[in-house]
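Read off the chains here:
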Amino acid sequence: MMTRAYQEIYRDKAQSVLGDAFDYAIHTCGIPGNDFVKLFIAGSVSKRMENGEPACISGKSGIEIVREIVAEAKGEELQIEPEEHFGRSREYWIGWAAAYYQWYSDRKYSDIFEAVSFEDLQQMYVTLHEADITKFAEIMEARIREHFPETNLKRMRTAYGFTQAELAGRSGISLRSVQMYEQRSKNINKASADTMYRLAKTLDCTMEDLIEK
């Protein structure tokens, strides 16, 4: 089973917060989608959301999140009042869906938005906004695998000439764990220090060499 980014009880709130943030930033404030994505992934807010910090994903509104992002990146204070509208906008869906996939996959927002551009997500909205969100997650998994074909662990292992079973046997890490790290269904960045040390020592590399950027 894939490791989730944080407790499920916070997921819906995170989705609505990021959905509101994208809608307010792009639809109301007129910030181009690609520009807002860059601001979001460059700042501390995206990292705090990735970690499921309650103060960030359940203690703030989407509007407050955008104002914090802009203040941190540009030193500017947004004063634009949110517009009242009904139903979910395309921009809302993009933030809402991205937050779901980040929770589902435990991947970094920077990796997610590297694999799919804002324009890609706009196109996906057309066919997916009325579908079950798990369909979006399936498509994103395929896009991630296509964009990041090999993990650092697999690259180092194959360069060293080990099979997965050999690496497992020599390092003392279970074969299933090695497989899951290489498939990205388990986040190697959250592995214990002991696990990272054993893998790195076996592959004659540094622990940093195995971390996914």
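Residues numbered from 1 in each chain as written. Predicted model: local features only at pLDDT ≥ 70, side-chain atom pairs only at ≥ 80, totals over all residues. Heavy atoms only, no water.

**As for the overall build of the chain**
When its secondary structure is counted, the chain shows 14 helices and zero strands. Starting at the N terminus and ending at the C terminus, the chain contains elements arranged as α-α-α-α-α-α-α-α-α-α-α-α-α-α. A buried classification covers 48% of the 213 residues belonging to the chain. Of all intrachain contacts in the chain linking residues separated by at least 6 positions in sequence, the fraction that spans at least 24 positions is 72%. Summed over its atoms, the accessible surface of the chain is roughly 10800 Å², and 49% of this surface lies on carbon and sulfur atoms. Seen as two clouds, the 27 positive and the 34 negative side-chain charges of the chain have centres 7 Å apart. (Helix = DSSP H or I, 4+ residues; strand = E, 2+ residues; numbered from the N terminus. Buried < 20%, exposed > 50% of the residue type's maximum accessible area, 1.4 Å probe, protein only. Contact = heavy atoms within 4.5 Å. Areas by Shrake-Rupley, 256 points an atom, 1.4 Å probe, with all protein chains shown as cover. Lys, Arg positive; Asp, Glu negative; His and termini not counted. Charge placed at Lys NZ, Arg CZ, Asp CG, Glu CD.)

**Section: the nonpolar core**
Membership of the largest hydrophobic core comes to 51 residues, with the highest contact counts inside it found for Leu-18, Phe-22, Phe-36, Met-49, Trp-93 and Phe-136. With ten residues, helix α6 (residues 90–105) is the largest single contributor of residues to this core. If we ignore the near neighbours within four places in the chain, the residues touching Phe-36 are Ala-21, Phe-22, Ala-25, Ile-26, Ile-31, Val-66 and Ile-69. By size, the runner-up hydrophobic cluster in this structure holds 16 residues, among which are Met-156, Tyr-181, Ile-188 and Cys-205. (Core = buried A, V, L, I, M, F, W, Y, C linked by side-chain atoms within 4.5 Å.)

**Re the environment of Arg-157**
Locating Arg-157 in the fold gives a position in helix α10 (residues 152–160). With a relative accessible area of 8%, Arg-157 lands in the buried category. The spatial distance from the C-alpha of Arg-157 to the C-alpha of Ile-63 is 45 Å, given a sequence separation of 94 residues. Those residues in contact with Arg-157 that lie beyond four places of it in its chain are Phe-162, Thr-163, Gln-164, Leu-167, Glu-182 and Leu-203.

**Observations regarding unusual backbone geometry**
Working note: non-glycine residues mostly have negative phi, and peptide bonds are mostly trans. The phi torsion at Asp-106 lies on the positive side, around 60 degrees, for a residue other than glycine. Within the element layout of this structure, Asp-106 appears in the loop between α6 and α7 (109–115). Under the relative-accessibility criterion, Asp-106 is labelled buried at 6%.

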